[in-house]
Amino acid sequence: MLPARTQVAIVGAGPSGLLLGALLHKAGIDHVLIERQSPGYVLGRIRAGILEQGTVNLLREAGVGHGVDNAGIVHHSIELVFKNTRHAIDVTGLTQGKVVTAYGQTELTRDLMEHRQSLGLPTVYEATDVQLQGFEGNSPSVTFHKDGVAHTLACDFIAGCDGYHGVARASVPKNAITEYEKVYPFAWLGVLADVPPVSSHAIVYANSDRGFALCSMRSMTRSRYYVQCPSTDSVNQWSDQRFWDEIRLRLDPELSQRMQTGPSIEKSMAPLRSFVAEPMRFGRLFLAGDAAHIVPPTGAKGLNLAASDVKYLSSAFIEHYVDRSTAGIDHYSQRALARIWRAERFSWWLTSLMHQFPETGAFGQKMQEAELEYLVNSPALSTSLSENYVGLPLDFAT
Ligand code: APR
Ligand code: PHB
């Protein structure tokens, strides 16, 4: 039986909604999670898989750190390829010992789902016609249908964790929100394959005059690779053979030769976009994760930003219910946005540095190569890259 009333109604059961639910439960705050899709559909979405230390710590705090602790692959460096040559950046050495961990969003989402199920927390999957009401006043509610039956869930607050295409941001009056957006003139074609990663100790980012390529991993036997392609391409234009031939041409000779290939188990195209909506609070409605912002995947900041939003939002609710203070709620938007814009800048910069832009031509390529030379040879620039890559502290001053 679903309760008719809860403290926090969470809309969307992606990583943001699931993690928020786990943290609220731990603090003894009631919530109900309402999701439009089925669990299988949610798990089928393949996204980036690099976790900052702050994200790993938050998962542990929420009681869901076991998966990443058992199967995450800790990285101390990244590798940049340009002009057919590979350069390592000692990320850990340049950040006083910080690391990043390769662990897929699918695996992380599964851990969160299983945790929720084991606790028997109220979750509605395949909810239709989800609508948010009354958040500008004192009695918000979420209405939806489940199996043809209409439900109304009254609550104190609504957390809009329903992604870029969700209903939460769309429910806000247009004049109350400002949106900033940049759409990049290309896409990523991603392939998942059961082959050992070509470089298991580091993610490889390659700039080439044929376009960007990325070598990542999900485990020691499963690789995730990407190539930049025109946004107008479709997946069926890319046979496995074409993909493997193309990625090899974009890497340095050693990696290209070492790369093991095999049948793809998933292949998908992703557009690249930078997007931020301000503010992130509207009365009793709060946006978190992709509902409020999108980064291009270069640098893998999307999931980590979702985690920092959720950290700030869960702390704000805890301050409200436990300490009877509205300070966290009042500062949520400003606090989250300060970190978001820093990660937006980093993701935009790394995207601009590594991809072929049709409009900039050979001169643009030369500028990128000059900047990359400078980057790998300058401790100052390498440190700047590294400190952004491992993630800014959650509590940095705004
Ligand atoms: N009602 C209920 N749920 C909805 C609705 C709706 N109207 N619209 C969308 N949803 C659900 C989606 O089906 C999805 O499961 O909200 C969830 C949002 O999940 P994500 O899009 O994964 O967003 P988020 O949880 O913020 O995760 C951010 O995802 O895109 C990546 O890079 C990003 O890794 C980051 C992470
Ligand atoms: C991934 O593993 O899918 C991945 C890794 C690093 C990125 C982007 C995606 O920058």
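Residues numbered from 1 in each chain as written. Chains lettered and ligands numbered in written order. Predicted model: local features only at pLDDT ≥ 70, side-chain atom pairs only at ≥ 80, totals over all residues. Heavy atoms only, no water.

Q: An account of the overall build of the chain is needed here, citing residue identities and associated values.
A: Of regular secondary structure, the chain possesses twelve helices and 19 strands. Rg of the C-alpha trace for the chain: 21 Å, near the compact-globule value of 21 Å for 398 residues, within the 12% margin. Based on the C-alpha atoms only, the size of the chain along its principal axes is roughly 60 × 45 × 40 Å. Sequence-distant contacts, at least 24 apart, represent 72% of the contacts inside the chain between residues at least 6 apart. When the accessible area of the chain is evaluated, it comes to approximately 16,500 Å², of which 52% is carbon and sulfur surface. Positive and negative side-chain charges of the chain, numbering 35 and 40 respectively, have mean locations separated by a distance of 0 Å. (Helix = DSSP H or I, 4+ residues; strand = E, 2+ residues; numbered from the N terminus. Rg over C-alpha atoms; globule rule 2.2 N^0.38 Å. Contact = heavy atoms within 4.5 Å. Areas by Shrake-Rupley, 256 points an atom, 1.4 Å probe, with all protein chains shown as cover. Lys, Arg positive; Asp, Glu negative; His and termini not counted. Charge placed at Lys NZ, Arg CZ, Asp CG, Glu CD.)

Q: Please set out the packing of helix α1 (residues 15–26) against helix α3 (residues 53–61) residue by residue, giving values where relevant.
A: Running from N to C, α1 and α3 cross one another at 50°; their axes reach a closest spacing of 9 Å. In terms of their interaxial angle, α1 and α3 are classed as oblique. Contacts between α1 and α3 involve Leu19, Leu23 and Lys26 from the former and Leu58, Leu59 and Glu61 from the latter. The residue makeup of the contact of α1 with α3, split by class, is four nonpolar, no polar and two charged. (Axes fitted to C-alpha atoms, helices over the stretch in contact; angles between N-to-C directions. Parallel < 35°, antiparallel > 145°, perpendicular 65-115°, else oblique. Nonpolar A, V, L, I, M, F, W, Y, C, P; charged D, E, K, R; others polar.)

Q: Can you break down the state of the cysteines residue by residue, with the values?
A: Taken as a whole and judged by the stated rule, the model has zero disulfides. Cys229 provides the cysteine sulfur closest to Cys215, a residue in no disulfide bond, and the two sulfurs are 16 Å apart. When its relative accessible area of 2% is taken as the criterion, Cys229 is described as buried. (Disulfide = S-S within 2.5 Å. Buried < 20%, exposed > 50% of the residue type's maximum accessible area, 1.4 Å probe, protein only.)

Q: Requested: an account of the pattern of salt bridges, with residues and values cited.
A: Taken as a whole and judged by the stated rule, the model has 18 salt bridges. When the shortest N-O distance is used, the salt bridge between Glu52 and Lys301 registers 2.7 Å. A residue pair is termed long-range when its members are at least 10 positions apart, and Glu52 in strand β3 (residues 50–52) and Lys301 in the loop between β19 (293–294) and α9 (302–321) qualify at 249 residues. Across the pair, Lys301 and Glu52 agree in class, each one buried. The partner of Arg86 in a salt bridge is Glu254, with the nearest N and O atoms 2.9 Å apart. Here Arg86 is found in strand β6 (residues 85–89), whereas its partner Glu254 is found in helix α8 (residues 253–258), with 168 residues between them in sequence. A residue is classified by how much of its surface remains accessible, and Glu254, at 44% relative accessible area, is partly exposed. Overlapping salt bridges bring together Glu79, Arg86, Asp252, Glu254 and Arg258 as one network. (Salt bridge = Lys/Arg side-chain N within 4 Å of Asp/Glu carboxyl O.)

Q: Mind laying out the site of ligand 1, listing which residues take part and the relevant values?
A: In the vicinity of ligand 1, 24 residues are found, and the nearest of them are Ser16, Glu35, Arg45, Gln105 and Asp290. Taking Leu303, its main chain carries an N or O atom lying 3.2 Å from an oxygen atom of ligand 1. Here ligand 1, which alone exposes 720 Å², has 91% of that area covered by the protein. For ligand 1, the cavity whose grid points lie within 2 Å of the majority of its atoms is the largest pocket. Elements supplying a minimum of two residues to the shell around ligand 1: α1 and α9. Counted by class, the shell around ligand 1 contains nine nonpolar, nine polar and six charged residues. (Near = heavy atom within 4 Å. Polar contact = N/O pair within 3.5 Å; in protein donor to acceptor, adjacent residues only side chain to side chain. 1 Å grid on protein atoms, 1.4 Å probe; cavity = no way out; pocket = protein on both sides within 12 Å on 5 of 7 lines; lining within 4 Å. Sits in = over half its atoms within 2 Å of the grid points.)

Q: I'd like a description of the site of ligand 2, backed by residues and values.
A: The environment of ligand 2 is formed by 14 residues, the closest being Tyr205, Ser216, Arg218, Tyr226 and Gly299. Pro297 has a polar backbone atom sitting 3.2 Å from an oxygen atom of ligand 2. When the free accessible area of ligand 2 is taken as 280 Å², the share hidden by the protein chains comes to 100%. With respect to the detected pockets, ligand 2 is housed in the largest cavity. Looking at which element gives the most residues to the shell around ligand 2, the answer is strand β14 (residues 213–219), with three residues. For the shell around ligand 2, the class distribution of residues is eight nonpolar, four polar and two charged.

Q: So what's going on with the packing of aromatic side chains? Residues and values would help.
A: Where two aromatic rings form a pair, the distance of their centres and the angle of their planes describe that pair. If you walk through the whole model with that rule in mind, you get 16 aromatic pairs. Here Phe243 and Trp244 contribute two aromatic rings whose centre-to-centre distance is 5.5 Å and whose plane-to-plane angle is 80°, an arrangement assigned as edge-to-face. A relative accessible area of 4% places Trp244 in the buried class. By way of ring pairs, the aromatic residues Phe157, Phe286, Phe317, Tyr321 and Tyr332 are connected into one cluster. Here the basic side chain of Arg242 rests over the ring of Trp238, its NZ or CZ set 3.6 Å away from the ring centre. Over the ring of Tyr389 we find Lys301, and its NZ or CZ is 5.8 Å from the ring centre. (Phe/Tyr/Trp six-rings, centres within 6.5 Å; stacked < 30°, edge-to-face > 60°. Lys NZ or Arg CZ within 6 Å of the ring centre and 35° of its normal.)

Q: Residues and numbers for the sheet that holds β3, please.
A: The sheet built from three strands is open, its strands ordered β3-β7-β4 with antiparallel pairing. A strand with exactly one partner marks an edge of an open sheet, and here the two such strands are β3 and β4 (73–75). Across the sheet, the mean angle from the axis of one strand to that of its neighbour is 35°, orientation sign disregarded. As judged from the three bridges shared by β4 and strand β7 (residues 100–102), these two strands associate in the antiparallel manner. (Pairing = 2+ DSSP bridges.)

Q: Help me get a handle on the layout of surface pockets, residues and values and all.
A: The calculated volume of the largest pocket comes to roughly 1,400 Å³. Along the wall of the largest pocket there are 49 residues; nearest its centre are Arg45, Arg47, Tyr164, Asp290 and Ile294. Of all the elements in the fold, those that place two or more residues in the lining of the largest pocket are α1, β9 (128–133), β12 (178–193), β15 (222–229), β16 (264–278) and α9. It is β16 that provides the largest number of residues to the lining of the largest pocket, a total of seven residues. Among the residues forming the lining of the largest pocket, the class breakdown is 26 nonpolar, twelve polar and eleven charged. Looking at the second largest pocket, its volume works out to about 200 Å³. Surrounding the second largest pocket, 17 residues form its lining, Gln53, Gly54, Leu392, Pro393 and Leu394 being those nearest its centre. (Points joined across faces, edges and corners; volume = space filled by probe spheres on them.)

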